[in-house]
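In case you want the letters, here they are:
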Amino acid sequence: MKRPIHVLYAVALLGALIVGVPGVAGAASQSTICTGTLAPGRYHRVVVPSGAACVSDGPVTIRGGLDIRSGATFVLGSEENPVNTGTISGGVHATNAASVQIHFTRINGGVRIHGGSGPNGGPFGITWNAIEDNHINGGATVEGYNGFWFGFIRNHVNGSVKLNNNVLADPDANEYVTNTIHGSLFCRGNSPAPQVGDSMGQPNQVTGVKAGQCRNL
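Model, not experiment: these values are computed from the prediction. The residue numbers shown here count from 1 along each chain, following its written sequence. Only residues with pLDDT of 70 or above have their local features reported here, since the model is predicted, and side-chain atom pairs are shown and tallied only from 80 upward, although totals for entire chains, interfaces and linings are computed over all residues. The side-chain numbers reported here are obtained from all heavy atoms of the structure, hydrogens and water having been left aside.

Caption draft 1: Spatial organisation of the overall build of the chain. The numbering of helices and of strands both runs from the N terminus, where a helix is a DSSP run of H or I of at least 4 residues and a strand a run of E of at least 2. For the chain, the count of helices and strands is one helix and 24 strands. When a residue's accessible area, from a 1.4 Å probe over protein chains only, is under 20% of the maximum for its type it is buried; when over 50% it is exposed; and in between it is partly exposed. For the chain, with 217 residues in total, the buried portion stands at 49%. Between two residues, a contact is recorded if the distance between any of their heavy atoms is within 4.5 Å. Long-range contacts, defined here as pairs at least 24 residues apart, represent 44% of the contacts in the chain between residues at least 6 apart. Counting every atom, the chain has about 8,900 Å² of accessible surface; 57% of that belongs to carbon and sulfur. The protein chains shown are the only cover counted for residues, whose accessible areas, like all others here, come from Shrake-Rupley with a 1.4 Å probe.

In structure tokens, the structure reads:
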């Protein structure tokens, strides 16, 4: 995704605003409630509460899963900085999140993202999901996202991938390319239809079947 300059500026501005704002640890639940910067380190479970933003450059180790709540934004790493950002075990789970952006991470337990909170809002003014350059064990499902843009790009996935009913505002959205999937790839009900877009991506390498809108992608 070639993000607009004003979006890149918004990302930089957000980082400047929340530097030094720590997550809040809950000892009883062994959860970290992240409402600002997630510092490098080791965590049990990380929760991004409704409407909050949690940003990290990593590296982080999350042992008990990542939970992103309604209207929340989670950003780990960036496409522009290709370095290891850590490991998330216990899976990534999001329900009606504004934006889920994870780059260069090992994810054990899969990715499950359901719903969204619309194309406008959040800390960047517009919303997008970017699942890019990750090693994912346990498959991935992204269904019903209704943000501005979504890309599933350059991931290595052990397990099947389901990308369904994602309806985005940007006609260049739904870029599902250059993935290596040891499983099957299922796509249906996406608008715009899954495409290469401006990613200059390559066909997905899939050991199982390619079905639906991703059959020729």
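Caption draft 2: Just the sheet that holds strand β11 (residues 99-103), in detail. Two strands are said to pair when DSSP picks up at least two bridges between them. The six strands lie next to each other as β5-β8-β11-β14-β17-β20, forming an open sheet whose pairing is parallel. Each edge of the open sheet is held by one strand with a lone partner, namely β5 (53-56) and β20 (175-177). Each adjacent strand pair in this sheet contributes to an overall mean axis angle of 10°, direction not counted. In the sheet, strand β17 (residues 149-153) pairs with β20 via three bridges, with the strands oriented parallel. All axes are obtained by fitting lines to C-alpha atoms, using only the stretch in contact for helices, and the reported angles, taken between N-to-C directions, cover 0 to 180 degrees.

Caption draft 3: Local environment of the environment of Ser50. Structurally, Ser50 can be placed in the loop between β4 (45-48) and β5. According to the relative accessible area criterion, Ser50 is exposed, its value standing at 53%. Sequence-wise, Ser50 and Thr73 are 23 residues apart; in three dimensions their C-alpha atoms are separated by 8.8 Å.

Caption draft 4: Fine view of the side chain of Asn190. Looking at the element boundaries, Asn190 is found in the loop between β22 (185-188) and β23 (205-206). N or O atoms closer than or at 3.5 Å make up a polar contact, with two conditions inside protein: a donor-capable atom paired with an acceptor-capable one, and, for residues adjacent in sequence, both atoms drawn from side chains. Engagement of the side chain of Asn190 in a polar contact is seen with the backbone nitrogen of Asn165, the distance being 3.4 Å. A polar contact of 2.9 Å, which involves the side chain of Asn190, links it to the side chain of Gln213. If sequence neighbours within four positions are ignored, Asn190 has contacts with Leu163, Asn164, Asn165, Asn166, Asn174, Tyr176 and Gln213.

Caption draft 5: Representation of the nonpolar core. Definition used in this section: a nonpolar core is a set of buried Ala, Val, Leu, Ile, Met, Phe, Trp, Tyr and Cys residues joined via side-chain atoms within 4.5 Å. Counting residues in each nonpolar core, the largest one holds 51 residues, and the members touching the most others are Leu66, Ile68, Ile102, Phe150, Phe152 and Leu163. Element by element, the count of residues in this core is highest for β17, at four residues. If sequence neighbours within four positions are ignored, Phe150 has contacts with Asn129, Ile131, Val142, Tyr145, Leu163, Asn166, Leu168, Ala173, Asn174, Glu175 and Tyr176.

Caption draft 6: Structural view of the side chain of Thr85. If you trace the backbone, Thr85 turns up in the loop between β8 (73-76) and β9 (86-89). Relative accessible area serves as the criterion here: at 0%, Thr85 is assigned to the buried category. Among the polar contacts listed, one links the side chain of Thr85 to the backbone oxygen of His103, at a separation of 2.7 Å. If sequence neighbours within four positions are ignored, Thr85 has contacts with Asp57, Gly58, Pro59, Val60, Leu76, Gly77, His103, Phe104 and Thr105.

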